[in-house]
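Here's the letter readout for the chains.
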Amino acid sequence: MAITEELAQLEADTLAAIAAAGTSAELEAIRVAVVGKSGTLTAYLRSMGSVPKEERAQVGKAVNAARVAVEEALAQAKTALAAQEMAQAIDAAAVDVTLPGRAQVIGTRHLINNIIDEISEVFLGLGYSVATGPEVETDYYNFEALNAPADHPSRSMQDTFYVRDLSGAAAAVRGESEVLLRTQTSGVQVHAMEDEELPIYVIAPGKVYRRDVADPSHLPQFHQIEGLVVDRGITFGDLKGTLDYFCKQLFGPERKTRFRAHYFPFTEPSAEVDVSCGICHGEGCRMCKGTGWLELLGCGMVDPNVLEMSGIDPEVYSGFAFGLGVERAACMKYNVPDLRMLLEGDMRFLRQF
Amino acid sequence: MKVSLKWLSEYVEVPSNLKAFCDRLDLTGTGVEAVETLGATFEHVVTAQVLAKEPHPDSDHMWVCTVDVGACNLDEEGNPQPITVVCGAQNFEAGDHIVTALPGAELPGGVKIKKSKLRGVASCGMNCSARELGLSSDHSGIMILPEDAPVGVPYAEYAQLTDMVLDLEITPNRPDCLSMVGMAREVGAMYRIPYRNPLNSMAEKMQPVREGRAIDSTVSITIPEPDRCPRYTVRIIRGVKVGPSPDWLVERLASIGQRSVNNVVDVTNYILFLFGQPLHSFDLAKVRNAHGYANIMVRAAEEGEHLETLDGVDRVLTPDMTVIATPDAGPIALAGVMGGAATEVDEGTTEILLEAATFCPGRTSRTSRNLGLFSESSMRYERGVDDHGIDVRSAAACALIVEVAGGEVVYAITNNEGLVDAWPKKTEPKQLQFRISRFCQMMGANIPRAIVVEILKRLGCAVEDNEGDRLQVVAPTFRPDLEREIDLYEEVLRLWGMDRIPATLPGGRGRFGTRTAAALANDIVVATLRASGLNDTMTYSFADPADMERLGMTFEAGVLPVELINPLNSAQSVMRQSIIPGLLRSVAYNQARGVSDVQLFEMGTVFSTAEGRKKPKERQKVAGVLAGSLQRAGWNTAPVQLDFFDAKGVVENLVRELALFKVRFAPLSSEEAPFLQPGRAASIVAGGTALGWVGEIHPRACEAFEAKGPVAAFELDLGALQKSRNAARPYVDVPSFPPIEIDQAFVVDEDVTAERMGQVIKSAGGKLLESVQLFDVFRDAEKVGPGKKSMAFKLVFRSPERTLTSDEVEKTVAKLQAKVQGATGAEVRG
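As annotated in an unreviewed UniProt entry, chain B carries the name Phenylalanine--tRNA ligase beta subunit and is attributed to Parvibacter caecicola. Recorded in UniProt for chain B, the comment headed Subcellular location (unreviewed entry) runs: "Cytoplasm". The record held by UniProt for chain B lists under Catalytic activity (unreviewed entry) the comment "tRNA(Phe) + L-phenylalanine + ATP = L-phenylalanyl-tRNA(Phe) + AMP + diphosphate + H(+)".

The name an unreviewed UniProt entry assigns to chain A is Phenylalanine--tRNA ligase alpha subunit, from the organism Parvibacter caecicola. Entered under Catalytic activity (unreviewed entry) in the UniProt record, the comment concerning chain A runs "tRNA(Phe) + L-phenylalanine + ATP = L-phenylalanyl-tRNA(Phe) + AMP + diphosphate + H(+)". As recorded by UniProt, the Sequence similarities (unreviewed entry) comment attached to chain A reads in full: "Belongs to the class-II aminoacyl-tRNA synthetase family. Phe-tRNA synthetase alpha subunit type 1 subfamily."

Student: So what exactly am I meant to see when it comes to the pairing of strand 39 (residues 740-749) of chain B here?
Tutor: All names here are of chain B. Across ten bridges, strand 39 lies against strand 41 (residues 788-797) in antiparallel orientation. Along strand 41, the bridge assignment pairs Ile742 with Leu795. For strand 39 and strand 42 (residues 827-829), the ladder comprises three bridges, and the chain directions are antiparallel. The residue of strand 42 that forms the bridge with Val747 is Glu827.

Student: Quick question: what am I supposed to make of unusual backbone geometry here?
Tutor: Generally, phi is negative for residues other than glycine and the peptide bonds are trans, each holding for most cases. Residues and elements named next belong to chain A. Residue Pro199 follows Leu198 across a cis peptide bond; omega there is -5°. Position of Pro199 among the secondary structure elements: in the loop between helix 7 (187-195) and strand 4 (200-209). Residue Pro269 follows Glu268 across a cis peptide bond; omega there is -5°. Relative to the elements of secondary structure, Pro269 occurs in strand 7 (residues 267-276).

Student: Looking at this structure, how should I read the domain arrangement of chain B?
Tutor: In many reports, interface size means the accessible area that the parts give up when they come together. As far as domains go, chain B holds domain 1 (2-39 + 163-197), domain 2 (45-158), domain 3 (202-422), domain 4 (431-497), domain 5 (517-724) and domain 6 (740-829). On a C-alpha basis, the centroid separation for the pair domain 1 of chain B and domain 5 of chain B is 55 Å.

Student: Honestly, the pairing of strand 7 of chain A in this entry has me stumped. Any pointers?
Tutor: In regular strands, side chains alternate between the two faces of the sheet. Residue and element names in this part refer to chain A. Burial of strand 7 is extensive: ten of the ten residues sit out of reach of the surface. Going residue by residue along strand 7, you find Thr267, Pro269, Ala271, Val273 and Val275 tucked away on one face and Glu268, Ser270, Glu272, Asp274 and Ser276 tucked away on the opposite face as well. Here strand 6 (residues 257-264) runs beside strand 7; their pairing, made up of seven bridges, is antiparallel. Opposite Arg258, over in strand 7, you have Asp274 as the bridge partner. Counting the residues in the hairpin turn of strand 6 and strand 7 gives two residues. For strand 7 and strand 8 (residues 293-302), the ladder comprises eight bridges, and the chain directions are antiparallel. Paired with Ser276 across the two strands is Trp293, which belongs to strand 8.

Student: Can you walk me through the sheet that holds strand 15 (residues 219-222) of chain B in this structure?
Tutor: All names here are of chain B. Strand order in the open sheet formed by five strands is 15-18-21-22-23, with mixed pairing between adjacent strands. Strands at the two margins of the open sheet, each flanked by one partner only, are strand 15 and strand 23 (338-339). In the sheet, strand 21 (residues 322-326) pairs with strand 22 (residues 330-334) via four bridges, with the strands oriented antiparallel. Across the sheet, residue Ala325 finds its bridge partner in strand 22, namely Pro331.

Student: Looking at this structure, I do not really get the domain arrangement of chain A. What am I missing?
Tutor: Here the domain parsing of chain A yields domain 1 (3-93) and domain 2 (111-350). Using C-alpha coordinates to define each centre, domain 1 of chain A is positioned 87 Å away from domain 2 of chain A.

Student: Quick question: what am I supposed to make of the UniProt feature "binding site: Mg(2+)" (unreviewed entry) in chain B here?
Tutor: The feature "binding site: Mg(2+)" (unreviewed entry), as annotated in UniProt, sits at Asp481, Asp487, Glu490 and Glu491 of chain B in this numbering. Mapping Asp487 of chain B onto the fold places it in helix 14 (residues 485-496). Given 20 C-beta atoms within a 10 Å radius, Asp487 of chain B is considered buried. The residues contacting Asp487 of chain B, other than those within four sequence positions of it, are Glu268 of chain A together with Asp481 and Leu482 of chain B. Position of Glu491 of chain B among the secondary structure elements: in helix 14. Filtering out sequence-adjacent residues up to four positions away, Glu491 of chain B remains in contact with Ile455, Leu456 and Leu459 of chain B.

Student: What exactly am I supposed to notice about the packing of helix 15 (residues 517-531) of chain B against helix 18 (residues 644-657) of chain B here?
Tutor: Packed helices, taken two at a time, are described by the angle between their axes plus the distance between the axes. All names here are of chain B. Here helix 15 crosses helix 18 at 140°, and the two axes come no closer than 9 Å. The orientation of helix 15 with respect to helix 18, classified from their angle, is oblique. As helix 15 runs across helix 18, the sense of the crossing is right-handed. Listed contacts from helix 18 to Ile524, Val525, Thr528 and Leu529 of helix 15 are Val650, Asn653, Leu654 and Glu657.

Student: Please clarify how the UniProt feature "binding site: Mg(2+)" (unreviewed entry) in chain A should be interpreted in this entry.
Tutor: This chain's UniProt record puts "binding site: Mg(2+)" (unreviewed entry) on Glu268 of chain A. Mapped onto the secondary structure, Glu268 of chain A falls in strand 7.

Student: Whenever I open this one, the interface of chain A and chain B confuses me. Can you help?
Tutor: With 82 residues of chain A at the interface, the matching set in chain B holds 84 residues. Top contributing element to the side of chain A that touches chain B by residue count: helix 8 (residues 236-251) of chain A, with eight residues. A per-class count over the side of chain A that touches chain B returns 40 nonpolar, 21 polar and 21 charged.

Student: Can you help me understand the environment of Val86 of chain B in this one?
Tutor: All names here are of chain B. In this structure, Val86 sits in strand 5 (residues 83-87). Separated by 274 residues in the primary sequence, Val86 and Cys360 place their C-alpha atoms 67 Å from one another. When residues no more than four places from it in sequence are discounted, the contact partners of Val86 are His56, Met62, Val64, Leu118, Val121 and Ser123.

Cut-offs and rules
- Residues numbered from 1 in each chain as written.
- Chains lettered and ligands numbered in written order.
- Predicted model: local features only at pLDDT ≥ 70, side-chain atom pairs only at ≥ 80, totals over all residues.
- UniProt positions renumbered as here; feature names shortened; annotations may be inferred.
- Pairing = 2+ DSSP bridges.
- Helix = DSSP H or I, 4+ residues; strand = E, 2+ residues; numbered from the N terminus.
- Domains from an automatic or database assignment.
- Buried ≥ 20, exposed ≤ 12 C-beta atoms within 10 Å, placed from the backbone.
- Contact = placed C-beta atoms within 7 Å.
- Axes fitted to C-alpha atoms, helices over the stretch in contact; angles between N-to-C directions.
- Parallel < 35°, antiparallel > 145°, perpendicular 65-115°, else oblique.
- Left-handed = near helix turned anticlockwise from the far one by under 90°.
- Nonpolar A, V, L, I, M, F, W, Y, C, P; charged D, E, K, R; others polar.

Written out as structure tokens, the structure reads:
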């Protein structure tokens, strides 16, 4: 058989094999066998030397033509097979997208800290700074500098935990001490007025302690956020506006506030602030004990005595202060049935927030 | 304080809309804590009128009556319809006004009224006698009401049997509101209406009798320290007959929850609640000495003195307390707090020595607290009882004692009042100014001058209104809280109405909110711990004094726990020195409820103190615990038991996020950290600063806290983290030339740490060695050798300037192998 015929036969066989190839691997095997280094077609190119001179041009042309045809066919088949294989792979890789994902487990924020963060954010936006203070205070910072001197009846408003004083000082009443667990974050007010430049716009979140046995609605330790503003020309209207804005930010724009006159030793005039009940919207329900209002915080204009004790002239400056029970706010937002859950560390509770 | 509206309405007009009244009290500063209905309500018992009275056809003594009950019985068209009542009483006629119980009524004794037939005649109710209503024992016939009595009105309403009682929260600055008259004045100021004070008319009834021995020949009063007792007065009533009180007095006291004792004690209580003046009655016979004298001294108690108080308890007194004493009997009462048992009024008492006084608020409060003795009197003295008017209030009391217990008030030689009065310290009324413009400016509202003046006057202030901006105000002595101008502002604001002040926001330029560097660092810590899968929690700051021993945590000598003087219970009697016990309890809490995967962290304060220290040391810590596994078994995940390295990984995340440099983990021995499992415990140091520790809690400690181990944990000092934190890590160029990576294993003795190997390899690798990463640790006595381990490292070589050749890297590795061998005795593994 003449070489050209052999070539034609080889080309035809190869093209048939390519067409029959079902996988990229089969195709690759054909490529290696035919046009690879030691492939059959390559062998013809290599053996050109042994072809008689006069036939060389014709044979060379035929070999090249065969090679081009084979390579084109290979390329086409490769593309087609690749597409086919990808389609198969994709089919095979399809999953039930409702199966759970493979997420890195992210930890949660405690409900109380969450609300403290939220409240801090509101007041940062109003230009307040965030401060902190010690949890064990002296009588001076917890009471006296807040206009509640020793034996002042206002002290009986909150039951205090006293700390053993190791300095040797004795208290006037048995079972009491000049060192105590702070019953309110208000002490931070005094530190702020003593240490900060005027004007002061500050909030101080923190843990406070009162001698209440833990039950569904009481904890011996809870959190307060204290706010203090001292500036020129601060009015009671400013206090109302600030707290009204704050309540709407925290609970929603439809909520209303109500100021009830009250008494705190360190503010005058003083008020308690109620927020309209979010469940009955003021109609009266079980949540708000039929009043339509929920008690949220205490506030007032800073008492001139308190300003004076911190060296601020009350004729020039005025201010307001407020103290908010964070647990109370949390209960209002989330309806937690038992405050003790906040201190148990139950993963089933914590993971909800 | 309980206030009966029936009682209160004798002195001021009480609004008929109870809800609106309570709201107004709330808004003006008197919290309404509860509203109670008192007395019989007698539902379905109404006033009625007999229209006709016919003899019963089948009875010789019963009557068939047609009774008009007004709108209480309606026909089908809704018109009032008289009812038929069969009645056996004989004392009435047609036209009489009576009381009828309708079907549905339940009378005292459980009698239920329903429609019935009496000898064949239908009866739709019952005409009531006073006895049937439980009002008296009179059963001579049915009750006949006056002719002008309305028809068809609930009987309880007609007879004013019901009373509403408010439980009010009186704030500690308002002693004046702790009385019925004080509340009447307050209500008058709230509504700007007049109130009536019955004091003078009551006091005028007292007439001392000029007979026998005068009071000032019997009693003397000495007050060595006027600060303890600004005023002390006594009167004597002789010839009293101690016995039961009249009904009206018993009812009055009952309406505010007070039990009747006897007529004399009841009057003193009545005066206390009416005027806020505590009184004490002594049996004069038990007070005076053999010569008939009662030389009263109000003085400091002597150290070690005893007094048996009225409650029968023998009390040891201290000089801080004030006593009423006589030279002969010693202490006879604890001033302002409680009387003595030995001088108590009893049934045999005929001569009363009536004390009306005021005592130092602070001392009264301390004495009460020191003895745990709180009374209606002490509560008022500790808030302040007005020294003015004591004599008049005492006179009112004497007049009433005479009225209900008989006897006569003993006269005095030196005055017409029958009074012995020591008043060494007189309260001067406060002269205050009220700048109207400043007030309006500070409140942020224009409050009319006339309103300001009226409110102050209604509260009892004398106001001089001289056209200018300033009002001159004299505060009444019964308002010890009105000491300064601002106190008056508060009064006007609350009674004008806080709700009427427009809401504004403070202005102020150049103001910006900031957070402290510490708070910002804390935020990063929280975010990192949460990203590491830990859940933020809170536990008690209180701890069991045994916790540290139970855990095995020790402190330097001299470091003491902070003790509470009045803890709630012994298991919470100190402040925590570590957050770990609380977290271990939470681990156990979860495990006990079938939750085995627990990852918690808490950021909080720990406390310690030392001998001689007043205030304890507080440190902020962050602690975490990891138990179980982070991932639950899922369709594509297998749970992996959390251990030391998970806790360490969390700490490493913190190191990265806080940009802490030169951080070292060093093994902690069982002596250094007995609460951690030896061999799985490390201290953490950044530069020279100790940050804390990480490790697995010792199995013994887990057991002590009933937690199932392993529990991996860490506790870091937040202050140290904040201090060591860097704002950012320095920028390093992103590599532009390819690396050459070589895996290299060394066989070393067990005691050669990963840290040591890393350090040696790093220093031996020269500057081309970019990173060293341990990827395998392998132990096998046969293949590696006993007491040895194989550690495989991936070494990454790279030059920032050019592509490295394999030749130069091979040379570097050969040098590195030799150096590592030399430094650690490592064997190069093939």
